[in-house]
Amino acid sequence: MNTPAVLLLAVSAAAFTLPASAQFAKPEDAIKFRQSALTVMGTYFSRLGAMANGKAPYDAAAAAADAEIVAMVSHLPWQAFAPGTDKGRETAARPEIWQEQAKFKERAEKMQATVAQTLLPAAKSGSLDQLKAAFGPTAQSCKACHDDFRRK
């Protein structure tokens, strides 16, 4: 298993076994955690995008592995958008996250569902055409949240 995958599994295990309040001693810790999770997710999603858009050679095994990581990490960052984490460490999070939490949660859940129900099965299919078809809607679900809740 490669080092990023081992690190990712360790972070995931910690995220799912501890309550959010116990995980983050300071707001800056929560911000760093969510930024790290979003960076990992973005990295692996970008690799899928490069294959889907013909900017990287298609590798069915890599696509399936990358989509697995995206699906797993898509559950991690949201708990770290707790009250009080809107200030401190430099963040691209907009105040609307805390003002419109139901909408923010809905967008996160829609993205997770799109990844699990569209992107992951397409990537596991071994078909570049299916990956291409799934990548656009998944990217749109990410963009919808960025448009409303992320500083440009």
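Everything below is about the structure printed above this text.
**Student:** Break down the pattern of salt bridges for me, citing the residues and quoting the values.
**Tutor:** On inspection of all chains with the given rule, the structure shows 10 salt bridges. A salt bridge links Asp148 to Lys103; the shortest N-O distance between them is 3.2 Å. Here Lys103 lies in helix 6 (residues 101-124) and Asp148 lies in helix 7 (residues 128-149), a separation of 45 residues in the sequence. Since its relative accessible area comes to 24%, Asp148 is described here as partly exposed.

**Student:** Quick one: what's the story with the nonpolar core, residue by residue and with numbers?
**Tutor:** Grouped together as the largest cluster of nonpolar side chains are 37 residues, with contacts concentrated most on Leu48, Val70, Phe81, Ile97, Phe104, Leu119 and Leu131. Among the elements that line this core, the one with the most residues is helix 3 (residues 27-52), at 9 residues. Excluding residues that lie within four positions of it along the chain, Leu119 makes contacts with Phe45, Leu48, Val70, Thr114, Leu131, Ala134, Phe135 and Thr138.

**Student:** Report on the environment of Trp78, specifying residues and quantitative values.
**Tutor:** Counting through the fold element by element, Trp78 comes out in the loop between helix 4 (60-73) and helix 5 (96-99). The spatial distance from the C-alpha of Trp78 to the C-alpha of Glu109 is 9.7 Å, given a sequence separation of 31 residues. The contacts of Trp78, once residues within four sequence positions are left out, are Leu38, Phe104, Ala108, Met111 and Gln112.

**Student:** Tell me about the layout of surface pockets, residues and numbers included.
**Tutor:** There is about 530 Å³ of room inside the largest pocket. Lining the largest pocket are 21 residues; nearest its centre among them are Leu38, Met41, Trp78, His146 and Arg150. Elements with a contribution of two residues or more to the lining of the largest pocket: helix 3, helix 6 and helix 7. With 6 residues, helix 3 is the single largest residue contributor to the lining of the largest pocket.

**Student:** Hey, could you go over the packing of helix 4 against helix 6 for me, with residue numbers and the actual values?
**Tutor:** Between helix 4 and helix 6, whose axes approach to 7 Å, the crossing angle comes to 160°. Classed by the angle they form, the pair helix 4 and helix 6 counts as roughly antiparallel. For the element pair helix 4 and helix 6, the recorded crossing hand is left-handed. Residues Ala60, Ala63, Ala64, Ala67, Glu68, Val70 and Ala71 of helix 4 form the contact with helix 6, whose own contacting residues are Val115, Leu119, Leu120, Ala123 and Lys124. Each residue belonging to the contact of helix 4 with helix 6 can be placed in one class, and the counts come to 10 nonpolar, no polar and 2 charged.

Definitions and limits used
Residues numbered from 1 in each chain as written. Predicted model: local features only at pLDDT ≥ 70, side-chain atom pairs only at ≥ 80, totals over all residues. Heavy atoms only, no water. Salt bridge = Lys/Arg side-chain N within 4 Å of Asp/Glu carboxyl O. Helix = DSSP H or I, 4+ residues; strand = E, 2+ residues; numbered from the N terminus. Buried < 20%, exposed > 50% of the residue type's maximum accessible area, 1.4 Å probe, protein only. Core = buried A, V, L, I, M, F, W, Y, C linked by side-chain atoms within 4.5 Å. Contact = heavy atoms within 4.5 Å. 1 Å grid on protein atoms, 1.4 Å probe; cavity = no way out; pocket = protein on both sides within 12 Å on 5 of 7 lines; lining within 4 Å. Points joined across faces, edges and corners; volume = space filled by probe spheres on them. Axes fitted to C-alpha atoms, helices over the stretch in contact; angles between N-to-C directions. Parallel < 35°, antiparallel > 145°, perpendicular 65-115°, else oblique. Left-handed = near helix turned anticlockwise from the far one by under 90°. Nonpolar A, V, L, I, M, F, W, Y, C, P; charged D, E, K, R; others polar.

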